[in-house]
Amino acid sequence: MFENLNATVQRVRFRAVEPLTLPEYKGSTFRGALGHAFRQVACALRRQECDGCMLRERCAYSVCFETPVPAATTVMRKYTKAPHPFVLEPPPDTRRDFEPGEELVATLILVGRAQEHLAHFIYAFDEMARNGLGIQRRKAELLGLDAAWPPGNTQPIYNAAEERLLGTPKPVQCEDIQSRVRELHGKPLRLTFETPVRINLDGRLSKSAEMAALLPSLLRRLSLLNYFHCGASFETDVRPLLDSGRDVKNLRSKIFWKDWTRYSTRQETLMEFGGFIGWAEYPPLPDELLQALAWGEILHLGKASAFGLGKYNIAPQSVPALS
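Residues numbered from 1 in each chain as written. Predicted model: local features only at pLDDT ≥ 70, side-chain atom pairs only at ≥ 80, totals over all residues. Heavy atoms only, no water.

A. How the structure looks around the side chain of Asp 146. Tracing the backbone through its elements, the reader meets Asp 146 in strand E6 (residues 140–147). A polar atom in the side chain of Asp 146 sits 2.9 Å from the side chain of Arg 13. Leaving out residues up to four positions away in the same chain, Asp 146 has contacts with Val 9, Gln 10, Arg 11, Arg 13, Thr 154, Gln 155, Pro 156 and Ile 157. (Helix = DSSP H or I, 4+ residues; strand = E, 2+ residues; numbered from the N terminus. Polar contact = N/O pair within 3.5 Å; in protein donor to acceptor, adjacent residues only side chain to side chain. Contact = heavy atoms within 4.5 Å.)

B. Quick look at the packing of helix H4 (residues 174–184) against helix H7 (residues 287–299). The N-to-C vectors of H4 and H7 enclose an angle of 115°; their axes lie 9 Å apart at closest approach. Along this stretch, H4 crosses H7, giving a crossing that reads as right-handed. Contact residues: Cys 174, Ile 177, Gln 178, Arg 180, Val 181 and Leu 184 in H4; Asp 287, Leu 290, Gln 291, Ala 294, Trp 295, Glu 297 and Ile 298 in H7. (Axes fitted to C-alpha atoms, helices over the stretch in contact; angles between N-to-C directions. Left-handed = near helix turned anticlockwise from the far one by under 90°.)

C. Here's a closer look at a nonpolar patch on the surface. A cluster of nonpolar residues, Leu 45, Met 54 and Leu 55, forms a patch on the protein surface that exposes about 340 Å² of accessible area. For Met 54, the location among the structural elements is in the loop between helix H1 (27–42) and helix H2 (60–66). Judged by relative accessible area, Met 54 falls into the exposed class, the value being 78%. (Patch = residues over 30% accessible without salt bridge, like charges linked within 9 Å, V, L, I, M, F, W, Y side chains within 5 Å. Areas by Shrake-Rupley, 256 points an atom, 1.4 Å probe, with all protein chains shown as cover. Salt bridge = Lys/Arg side-chain N within 4 Å of Asp/Glu carboxyl O. Buried < 20%, exposed > 50% of the residue type's maximum accessible area, 1.4 Å probe, protein only.)

D. Region of interest: the environment of Gly 308. By the secondary structure assignment, Gly 308 is in the loop between H7 and strand E16 (312–316). For Gly 308, a relative accessible area of 2% translates into the label buried. Through-space distance from the C-alpha of Gly 308 to that of Glu 194 is 9.8 Å; in sequence the pair is 114 residues apart.

E. The arrangement of the nonpolar core in detail. Leu 5, Leu 191, Phe 193, Tyr 282, Leu 285 and Leu 299 are the most contacted members of the largest nonpolar core, which has 46 residues in total. The element that contributes the greatest number of residues to this core is H7, accounting for eight residues. Every residue in contact with Tyr 282, bar those within four places of it in the chain, is listed here: Pro 188, Leu 189, Leu 191, Phe 193, Ala 209, Met 211, Leu 214, Val 248, Asn 250 and Leu 251. Of all hydrophobic cores here, the second largest spans 41 residues; its members include Ala 16, Leu 22, Cys 64 and Met 128. (Core = buried A, V, L, I, M, F, W, Y, C linked by side-chain atoms within 4.5 Å.)

F. Layout of the pairing of strand E9 (residues 189–197). Bridge analysis of E9 against strand E15 (residues 275–282) gives six bridges, and the strand direction is antiparallel. Bridged to Arg 190 within E15 is Glu 281. Two strands pair when backbone bridges link them, and E9 and E16 are joined in this way by five bridges, in the antiparallel orientation. Along E16, the bridge assignment pairs Arg 190 with Ala 315. (Pairing = 2+ DSSP bridges.)

This is how it looks when you write it as structure tokens:
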């Protein structure tokens, strides 16, 4: 399952030029600034809205930030927008103040065809830094991008000082996920939810980290990304996986609600983006569930992932010794 799915992982390095004051969670600040800058560098017609534009299914901005549902699709025909083909993880620390010369590091994940637009993202990151970050629009500068896959093995791919591409990031592919599955096979697992997870369950936001609550949202997200952005058929027969998930019971968990409010410049209103964070432990899982969870570890879980929400990591736990 998800054999076509692929993504690249890039570290994006900035340096403060002026004193910066940013929110504790910087997802909205970075995602909003990037979207505005991306439109500046990518929109050929300088339109205010993508609806009705004849280029909307080919324009880099529309594909990545508006993501229209193609007219010929067999999936989500009643919807106007498909899942965005990127995830932007903001700098993870909760610091608010940065002095000139201090660095901030974000992470960009590009899914499938979005990788073709890496140059647009680079130009947009440079533009957003020049435009300024935070409410006061204090200036920063882009230092460069590094390929961040496999973990712990970063390689420079763009040097901003020289305005030069240095290489091409290696995508995460099915073989990498299978390797991760082998690491996790047969072991109890702890999932740590690092940023708020927003999952709709029966019309409400779920506060449950039960596997039966996580899996429907995760499988739908992976299937849609695979279908819309990686050229695969839609994974429709996920019932066996859902059935397996219903049999999984948490061993232990510590989950609590985290409220997060962001101001939408486009809609000129405050928006609530709360979700649950914390951790939950599970018994050893079947490999097909591990495969989905390993993809989600990279591509996130639930709604508003483009803001960096729904980030979790998986850590194998020690197996109790037999007495």
